[in-house]
Amino acid sequence: MAEALHEALHHVRRYTDIAWLWIRAAWAYPASFVMLAVGNGLITGLDFVGLWIMFAHLDDLAGFSLHEVAFLYGASSLGLGIADTLVGSVERIGTYVRTGRLDQMMTKPVPLLVQVCADQFTLRRLGRITQAGVAFGWAATYVDWTPLRAVVALSMVISGAAVFFGLFIGFSCIQFWTSDASQFANAFTYGGATVTQYPLSIFPREVMVALTFVIPVAFVNWYPALFILGRDDPFGMPSWVQFASPLVAMATVAIALLVWRSGVRHYSSTGS
């Protein structure tokens, strides 16, 4: 256990070193950095503006009020924003394969996944996290908080980020076998985030089952939010499912890492 922890900390330090190089490079042009960060936050914030406009004509959405939908939106967007900031560069794996850059990375004494995830690291994605945090914070003022609900909320954000972390890596690995499948991967990462911004009760039960047992984005915010908001599950799932997000997140990450190892093992050099 101690050895595994030491190795994990070593990987984190290597990731931080690479990310810091990209941050320093970005700050060479501070005005550009700030404008990109603000622009990113404003663009992603249009999603919530759309929800706000929709509620100007609705009293509720599938029984959920504006602040409850905002809570779902903020939790999902926070999870996606954190994962996208930390590992979003893995989406470029297809480009690295085609250009031969992946071959260059494999010659360096740093784990390949660490290099790919930290490559071209940019803090401008913090704009997404900031606006999601604002929406989440506003919605949280309407919650009747208890110590347990606070713990579940913290676990929800961390687990949500871990689930998207696994989805980013797992689906991006398809590019080891195809020339370019980044848009296919985006359908499950960004698409999954979009779906979970709304109450999942607006979808048929079949969709809910798929989002629970196939692509487990329902655990990003839906199940823990039901507990935090004091809502009954409209699909009648057992109450313990509302506390299962950490376990699902660990399983998702573990599967993603296995897929990554399989992809690297079957990777054939471009020869360039």
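You'll find the structure just up there.
Okay, so let's go over this structure. Nothing here was measured: the structure is a model prediction, and the numbers come from that model.

### Considerations on the packing of helix α8 (residues 147-172) against helix α12 (residues 245-265)
The axes of two packed helices give the description: the angle between them and the distance between them.
Part 1 of the reasoning: Where α8 contacts α12, the axes come no closer than 8 Å and their chain directions differ by 20 degrees. In terms of axis orientation, α8 runs roughly parallel to α12. For the pair α8 and α12, the sense of crossing is left-handed. On α12, the residues touching Ser-155, Ser-159, Ala-162, Val-163, Phe-165, Gly-166, Leu-167, Ile-169 and Gly-170 of α8 are Ser-245, Pro-246, Ala-249, Thr-252, Val-253, Ala-256, Val-259 and Trp-260.
Part 2 of the reasoning: By residue class, the composition of the contact of α8 with α12 is 11 nonpolar, six polar and no charged.

### A few points about α12
Part 1 of the reasoning: Here α12 contains 21 residues, and its C-alpha end-to-end distance of 30 Å stays within 8% of the 30 Å for a straight helix at 1.5 Å per residue.
Part 2 of the reasoning: For α12, every residue scored as buried is listed here: Ser-245, Val-248, Ala-249, Thr-252, Val-253, Ala-256, Trp-260, Ser-262 and Gly-263.
Part 3 of the reasoning: Looking at the buried side of α12, the elements it contacts are α4 (93-99), α6 (112-118), α8 and α11 (222-228).

### Things to note about the packing of aromatic side chains
Part 1 of the reasoning: Counted by the stated rule, this structure contains 11 aromatic pairs.
Part 2 of the reasoning: Judged by centre distance (5.8 Å) and plane angle (85 degrees), the rings of Phe-168 and Tyr-190 are edge-to-face. Highlighted residues: Phe-168 in helix α8 and Tyr-190 in helix α9 (residues 182-195), separated in sequence by 22 residues.
Part 3 of the reasoning: For Phe-168, a relative accessible area of 1% gives the class buried.
Part 4 of the reasoning: Their ring planes at 0 degrees and their centres at 4.3 Å tell us that Phe-171 and Phe-188 sit as a pair that is stacked. Taken together, the positions of Phe-171 in helix α8 and Phe-188 in helix α9 put the pair 17 residues apart, joining distant regions of the chain.
Part 5 of the reasoning: Here the basic side chain of Arg-231 rests over the ring of Phe-64, its NZ or CZ set 4.1 Å away from the ring centre.

Rules and cut-offs
- Residues numbered from 1 in each chain as written.
- Predicted model: local features only at pLDDT ≥ 70, side-chain atom pairs only at ≥ 80, totals over all residues.
- Heavy atoms only, no water.
- Axes fitted to C-alpha atoms, helices over the stretch in contact; angles between N-to-C directions.
- Helix = DSSP H or I, 4+ residues; strand = E, 2+ residues; numbered from the N terminus.
- Parallel < 35°, antiparallel > 145°, perpendicular 65-115°, else oblique.
- Left-handed = near helix turned anticlockwise from the far one by under 90°.
- Contact = heavy atoms within 4.5 Å.
- Nonpolar A, V, L, I, M, F, W, Y, C, P; charged D, E, K, R; others polar.
- Expected span 1.5 Å × (residues − 1).
- Buried < 20%, exposed > 50% of the residue type's maximum accessible area, 1.4 Å probe, protein only.
- Phe/Tyr/Trp six-rings, centres within 6.5 Å; stacked < 30°, edge-to-face > 60°.
- Lys NZ or Arg CZ within 6 Å of the ring centre and 35° of its normal.

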